[in-house]
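The chain contents come next:
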Amino acid sequence: MEGFETTIVGDKGYIKVTGDMDNEKAGEALRNAFNQVYDQGKRTIVLDLSDVQIINSYGIGKVLTCYKRLKAENGVLMVTPLQGFVKETFELLMLDKLLPTDKS
Amino acid sequence: MSNGFSIAVIGVEEPFLRELVSLSARTDLDLTVASDAEELVGRKFDLAIVEVKGGDDFIPKVKQIPSDAIFGLAKDLSYQETISLLELGVVDYMTQPYSALTVYEALERELLQDENKQLMSYNSQHSYSTREISSAVFTSPLLEYLVSSDVISLDYKQKIELAWQEALANALEHGNLELESVWKNDLDIDGKDRFTKIKKARLNDPRYADKKLTVTVNYKNGELSFTIKDSGSGFTLAEKIPLYKTEEPYGRGIKLMNAVMDEVLYENGGTQLTLKKRI
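All values derive from a computational prediction rather than experimental measurement.

1. A few points about the overall build of chain A
Part 1: Assigned secondary structure in chain A consists of 3 helices and 4 strands.
Part 2: Per-residue burial for chain A yields a buried fraction of 51% across its 104 residues.
Part 3: The contacts of chain A with a sequence gap of at least 6 include a subset with a gap of at least 24, amounting to 72%.

Given below as structure tokens:
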């Protein structure tokens, strides 16, 4: 099952997203990585989108699906500091208010 | 294209010839079909699409072509012949299997770069099946041209493309495939959502996958417009807006489009969308 790379640091699960978040393959990879971390009991999950150049509403939808799955269990979805196009898009859609930044 | 671009189609065989001609009927290109260059003596064309076959006499034949810009369909050429073709100044070439759509995209790109004609206006219309569009990333040679001629920045182009891609995705998914946004919240134990599952199934169902989408790209007097017509049953915005809350995994497409474009216009009961931007 292919997915993005994940790491566990204490209570947090990190997902390193690579490539563009705008197609089904990326959506699947995110879902698999999320499941991997979630199944290990982590409810604070951080998405590292620093290598992502393009994100569209499809990719954002997938991110928000992760947000909802965590929220249902009082968990938190966070992002590492955003930059470029992804940052602009998040701000445009006010997602920066919804997903806190993990500064560690 | 509404600049009076004339295209010669020389020596192209069936069934590909029919594909080229039928696609041209849906664009503004003016095609003249001939079986060889001799038939077109005395005429000049902006571009020629030529089927080039290997053999001794192909070089003089290519030189006879009444156009400075040649797009070659290379059939059974040896490596050396391919090199000769390129040295003759062919702007681009394609080997079999040929794709009419690819030829048109290459033509548009080439014609837009014609220095003798300034781009005052551009109009192109293509029809695609749902299946074709779902597996392709939509870009427009017009936008590439606008970036390379410094009319817009790469950043600007990316944002416009994003808005157009959102519009296409909506027409495809909600229009032709009749998928409902709320299905994205219907997850199974592995986090797989109903929307994705039904989408996959419908893309393999000819009743959905064969439905058409028509895309028109227009640029005139500094205004860019992009129109999509889908074969869905339409919708009214008033029905959809209440569903869109920040945290739901849908509703972003329309927001993005409105943020980037100057005008977002739904017509014909929601089956036709026009995005406009003044550049």
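2. Brief notes about the packing of helix H6 (residues 141-148) of chain B against helix H7 (residues 154-176) of chain B
Residue and element names in this part refer to chain B.
Part 1: As a packed pair, H6 and H7 sit with axes 9 Å apart at the nearest point and diverge in direction by 165 degrees. Taken together, the axes of H6 and H7 lie roughly antiparallel to each other. The two elements H6 and H7 cross, and the hand of that crossing is right-handed. For the pair H6 and H7, the contacting residues are Leu 143, Glu 144 and Val 147 in the first and Leu 154, Lys 157, Ile 160, Glu 161 and Trp 164 in the second.
Part 2: Residue composition of the contact of H6 with H7, by class: 5 nonpolar, no polar and 3 charged.

3. Considerations on helix H3 (residues 84-92) of chain A
Residue pairs three or four apart in sequence face the same way in an α-helix, which turns once every 3.6 residues.
Part 1: Turning to H3(A), its buried residues number three or more, namely A:Phe85, A:Val86, A:Thr89 and A:Phe90. Buried residues of H3(A), seen end-on, are gathered within an arc of 130 degrees and therefore sit on one face of the element.
Part 2: Where H3(A) is buried, its residues contact helix H2 (57-71) and strand E4 (76-79) of chain A together with H7 and helix H11 (252-260) of chain B.

4. Focus: unusual backbone geometry
Residue and element names in this part refer to chain B.
Part 1: Note that the residue after Glu 14, namely Pro 15, is joined by a cis bond; omega there is -5 degrees.
Part 2: Residue placement: Pro 15 occurs in the loop between strand E1 (6-10) and helix H1 (16-25).
Part 3: Of note, Glu 178 is a non-glycine position whose phi angle comes to about 55 degrees, a positive value.
Part 4: Along the polypeptide, Glu 178 turns up in the loop between H7 and helix H8 (194-203).
Part 5: We classify Glu 178 as partly exposed; its relative accessible area is 33%.
Part 6: Phi is positive for Asn 268, close to 50 degrees, though the residue is something other than glycine.
Part 7: With respect to the secondary-structure elements, Asn 268 resides in the loop between strand E9 (263-267) and strand E10 (272-278).

5. Digging into H8(B)
Part 1: Residues of H8(B) that are buried include every one of B:Phe195, B:Thr196, B:Ile198, B:Lys199, B:Arg202 and B:Leu203, and no others.
Part 2: Lining the buried residues of H8(B) we find H2 of chain A together with helix H5 (130-134), H7 and helix H9 (206-209) of chain B.
Part 3: Between the side-chain oxygen at the start of H8(B) and the backbone nitrogen of B:Phe195 there is a gap of 3.3 Å, and the oxygen is on B:Asp193.

6. Observations regarding the nonpolar core
Part 1: Ranked by internal contacts, the top residues of the largest apolar core, which has 55 residues, are B:Ile49, B:Trp164 and B:Phe226.
Part 2: Here this core spans two domains, since at least three of its residues come from each of domain 1 (6-116) and domain 2 (122-278) of chain B.
Part 3: Setting aside residues up to four positions removed in sequence, B:Phe226 forms contacts with B:Phe138, B:Trp164, B:Ala167, B:Leu168, B:Val215, B:Thr216, B:Val217, B:Leu273, B:Thr274 and B:Leu275.
Part 4: Listed in part, the 34 residues of the second largest apolar core include A:Leu47, A:Ile55, A:Val63 and A:Cys66.

7. Brief notes about the pairing of strand E3 (residues 47-53) of chain B
Residue and element names in this part refer to chain B.
Part 1: Of all 7 residues making up E3, 6 are buried, and the element is well covered by its neighbours.
Part 2: With 6 bridges connecting them, E3 and strand E4 (residues 70-75) associate as parallel partners. Looking across to E4, one finds that Val 50 is bridged to Gly 72.

8. Describing the sheet that holds strand E1 (residues 5-9) of chain A
Residues and elements named next belong to chain A.
Part 1: If you walk across this open sheet you meet the 4 strands as E1-E2-E3-E4, and the pairing is mixed. Strands with a single pairing partner mark the edges of an open sheet, and in this sheet they are E1 and E4. Strand-to-strand twist across the sheet, computed as the mean angle between neighbouring axes with direction ignored, equals 25 degrees.
Part 2: In this sheet, E4 lies alongside strand E3 (residues 44-48) in parallel orientation, the contact comprising 4 bridges. Bridge assignment links Leu 47 to a residue of E4, and that residue is Val 79.

9. Notes on the side chain of A:Arg31
Part 1: Considering the arrangement of structural elements, one finds A:Arg31 in helix H1 (residues 24-38).
Part 2: Beyond its immediate sequence surroundings of up to four residues, A:Arg31 is in contact with A:Arg69, B:Asp190, B:Gly191 and B:Lys192.

About the thresholds
Residues numbered from 1 in each chain as written. Chains lettered and ligands numbered in written order. Predicted model: local features only at pLDDT ≥ 70, side-chain atom pairs only at ≥ 80, totals over all residues. Heavy atoms only, no water. Helix = DSSP H or I, 4+ residues; strand = E, 2+ residues; numbered from the N terminus. Buried < 20%, exposed > 50% of the residue type's maximum accessible area, 1.4 Å probe, protein only. Contact = heavy atoms within 4.5 Å. Axes fitted to C-alpha atoms, helices over the stretch in contact; angles between N-to-C directions. Parallel < 35°, antiparallel > 145°, perpendicular 65-115°, else oblique. Left-handed = near helix turned anticlockwise from the far one by under 90°. Nonpolar A, V, L, I, M, F, W, Y, C, P; charged D, E, K, R; others polar. Arc of directions from axis to C-beta. Polar contact = N/O pair within 3.5 Å; in protein donor to acceptor, adjacent residues only side chain to side chain. Core = buried A, V, L, I, M, F, W, Y, C linked by side-chain atoms within 4.5 Å. Domains from an automatic or database assignment. Pairing = 2+ DSSP bridges.

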